[in-house]
Amino acid sequence: MTENLDRRSSEPIPQGTQTLARGLQIINAVAHGATTLKAVIDTTGLGRSSAHRMIQLLVQMGYLRHGSPGEFRLGPTLIEFGFTALNQDPLPVVARESLEALAERTQDTIHLSVEDGESVLYLHKIPGTRGAEMRSRIGHRMPMTRTGVGKALLLGQDDRWERLFTAENPEAESAAMESFVKRMHGYTRDGASLDLEENEPGIRCVAAPIRDGSGEIVAGISLSATRPFMPKDRMQALVPVMKSAAREISVKLGFK
C-alpha cells in the first residue's frame, strides 16, 4: 500500500520521502473513514507501532485529533489549511457575487465545482431556501458522469466520455453508455447539461461550464432542486439562465 499516496495517484513515491508519504497516507485514510488505529493499519498496510507513532505526531501537530475513545478525526490544522486553500484560489472569490445573485433569484441550491482526479470537487455551496437539504458539501466529491456539473465539466471532451462512464458505472449495459454519449453530444451542442435524478433520487440539476482566458473549461456551476420545484419545462427555461451566469464568471476570468 505504500507505493501509492492515495487513490488519485498512480505515481511511485519518490525515493527518500517514504516517511512523509506514510503520514499523508494516514491522513488520507482518516479522511475516508478509517478512524481507528486498526482501520488505519488495514487501509495503509503500515505496521502497528509505526502507525501509532505517526498518529501521535499528527495529533500533536493538529493534523488529527481525538474523537470518541480510540477514534481519530481530521484536526484543526487541516481545517485552517482548507480555508486558506479556498482563499488562495481566486475562483470562489471571483464567482461569489454571481452565485449569490443566482441563489437569490431562484431560491435553489447553487454549487461551484471543479474537476479533480477525474471526480467533481465542490468548492462552494449556497443552500436553497426550499425543499430538502442535499447531501453535497464543500470538499465533497461526486461522479463526473452522473452529476449535472460533472457533465458540464466534460462538455466537448468526447474522447473521455465512454471511459469515464464505464469506470463510474461498471454494471451498466452498453445501451446505457450509448445513451449517455448521445446526451453528452446534445449537452455539448446546447452548452449546458442536466441531471435527471441520476446522482441523487428526487434531485434535479441544471449546470453550465466556466471557461478561463484560454477558452478551456476550468469549473462548472449548477442549480439543484427537488423534483416538485424542478419540472422539466423549468429545467429547460433555466438553461439560458445558467449559461448567462457561467459566462459572467468566465468573463471575470478573462474569457472573451
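Rules used in this analysis
Residues numbered from 1 in each chain as written. Predicted model: local features only at pLDDT ≥ 70, side-chain atom pairs only at ≥ 80, totals over all residues. Heavy atoms only, no water. Helix = DSSP H or I, 4+ residues; strand = E, 2+ residues; numbered from the N terminus. Contact = heavy atoms within 4.5 Å. Areas by Shrake-Rupley, 256 points an atom, 1.4 Å probe, with all protein chains shown as cover. Lys, Arg positive; Asp, Glu negative; His and termini not counted. Charge placed at Lys NZ, Arg CZ, Asp CG, Glu CD. pLDDT = per-residue confidence, 0-100. UniProt positions renumbered as here; feature names shortened; annotations may be inferred. Core = buried A, V, L, I, M, F, W, Y, C linked by side-chain atoms within 4.5 Å. Buried < 20%, exposed > 50% of the residue type's maximum accessible area, 1.4 Å probe, protein only. Polar contact = N/O pair within 3.5 Å; in protein donor to acceptor, adjacent residues only side chain to side chain. Salt bridge = Lys/Arg side-chain N within 4 Å of Asp/Glu carboxyl O. Pairing = 2+ DSSP bridges. Phe/Tyr/Trp six-rings, centres within 6.5 Å; stacked < 30°, edge-to-face > 60°.

Trainee: Describe the overall build of the protein, with residues and values.
Mentor: Along its length, the protein carries nine helices and eight strands. Projected onto the principal axes, the alpha-carbon positions of the protein cover approximately 60 × 40 × 40 Å. Here the contacts in the protein between residues at least 6 apart in sequence split such that 52% fall between residues at least 24 apart. Surface summary for the protein: the accessible area is close to 13,900 Å², and the carbon and sulfur share equals 53%. Positive and negative charge centroids in the protein, built from 31 and 31 side chains respectively, lie 3 Å apart.

Trainee: Summarise the confidence of the model for the protein; cite the residues concerned and give the values.
Mentor: Any segment with low pLDDT has predicted coordinates that should not be analysed in fine detail. Looking at the protein as a whole, the pLDDT averages 89, with 93% of positions reaching at least 70. Model confidence for the protein, summarised as mean pLDDT per element, is weakest for helix α4 (residues 76-88) at 77 and strongest for helix α6 (residues 148-153) at 98. Below a pLDDT of 50 lies the segment residues 1-10, which in the model reaches 26 contacts outside its immediate sequence neighbourhood of four places, other chains included.

Trainee: I'd like to hear about the UniProt feature "domain: HTH iclR-type" (unreviewed entry) in the protein, residue by residue, with values.
Mentor: Per the UniProt record, "domain: HTH iclR-type" (unreviewed entry) is found at residues 17-76. Helix makes up 60% of residues 17-76 and strand 10%, with an end-to-end C-alpha separation of 25 Å.

Trainee: For the nonpolar core, give the residues involved together with the corresponding values.
Mentor: Within the largest apolar cluster, 49 residues are counted, with the highest numbers of intra-cluster contacts made by Leu99, Leu112 and Ile221. A total of eight residues in this core trace back to one element, the largest contributor, which is helix α9 (residues 232-252). Excluding residues within four positions of it along the chain, Ile221 makes contact with Leu99, His111, Leu112, Val149, Val206, Ala207, Ala208, Ile210, Met242, Ala245, Ala246 and Ile249. Within the second largest apolar cluster, 15 residues are counted, among which are Ile26, Ala34, Ile41 and Ala51.

Trainee: Provide a residue-level description of the environment of Glu115, including the pertinent values.
Mentor: Topologically, Glu115 is positioned in strand β3 (residues 109-116). Spatially, the C-alpha atoms of Glu115 and Val218 are 7.8 Å apart, while their sequence positions differ by 103 residues. A polar side-chain atom of Glu115 sits 2.5 Å from a polar atom in the side chain of Arg160.

Trainee: Lay out the pattern of salt bridges with the relevant residues and their values.
Mentor: This model, assessed by the stated rule, comprises 13 salt bridges. The closest approach of N and O atoms between Glu115 and Arg160, which form a salt bridge, is 2.5 Å. With a gap of 45 residues between them, Glu115 in strand β3 and Arg160 in helix α7 (residues 158-168) connect regions that are remote in the sequence. Assessed through its relative accessible area of 30%, Glu115 is described here as partly exposed. Salt-bridge contacts for Arg204 lead to Glu197; the nearest nitrogen and oxygen are separated by 3.0 Å. In this structure Arg204 comes out as buried when scored by relative accessible area, which is 12%.

Trainee: Account for the environment of Glu168, naming residues and giving values.
Mentor: Among the structural elements, Glu168 can be located in helix α7. On the accessibility criterion, Glu168 (18% relative accessible area) is buried. With 24 residues separating them in the primary sequence, Glu168 and Met144 have C-alpha atoms 8.0 Å apart. With residues near it in sequence (within four places) discarded, Glu168 still touches Glu118, Pro143, Met144, Thr145 and Arg146. Only 2.9 Å separates the side chain of Glu168 from the backbone nitrogen of Met144, close enough to count as a polar contact.

Trainee: Just give me the short version of the sheet that holds strand β7 (residues 203-211), but keep the residues and values in it.
Mentor: What the six strands build is an open sheet, ordered β5-β4-β3-β8-β7-β6; its pairing is antiparallel. Looking at the sheet topology across the chains shown, the edges are occupied by β5 (141-142) and β6 (193-196). As paired elements, β3 and strand β4 (residues 119-126) share seven bridges and run antiparallel to each other. The residue of β4 that forms the bridge with Val114 is Leu121.

Trainee: How would you explain the packing of aromatic side chains if you had to name every residue and give the values?
Mentor: Per the counting criterion, the structure on display carries two aromatic pairs. With 6.1 Å between their ring centres and 65° between their planes, Tyr63 and Phe81 make a pair best called edge-to-face. You can see Tyr63 sitting in the loop between α3 (48-60) and β1 (64-66) and its partner Phe81 sitting in helix α4, a full 18 residues away along the chain. For Tyr63, a relative accessible area of 22% translates into the label partly exposed. Ring centres 5.0 Å apart and planes at 25° place the aromatic pair Phe165 and Phe180 in the stacked group. In this pair, Phe165 is assigned in helix α7 and Phe180 in helix α8 (residues 174-190), connecting sequence segments 15 residues apart.

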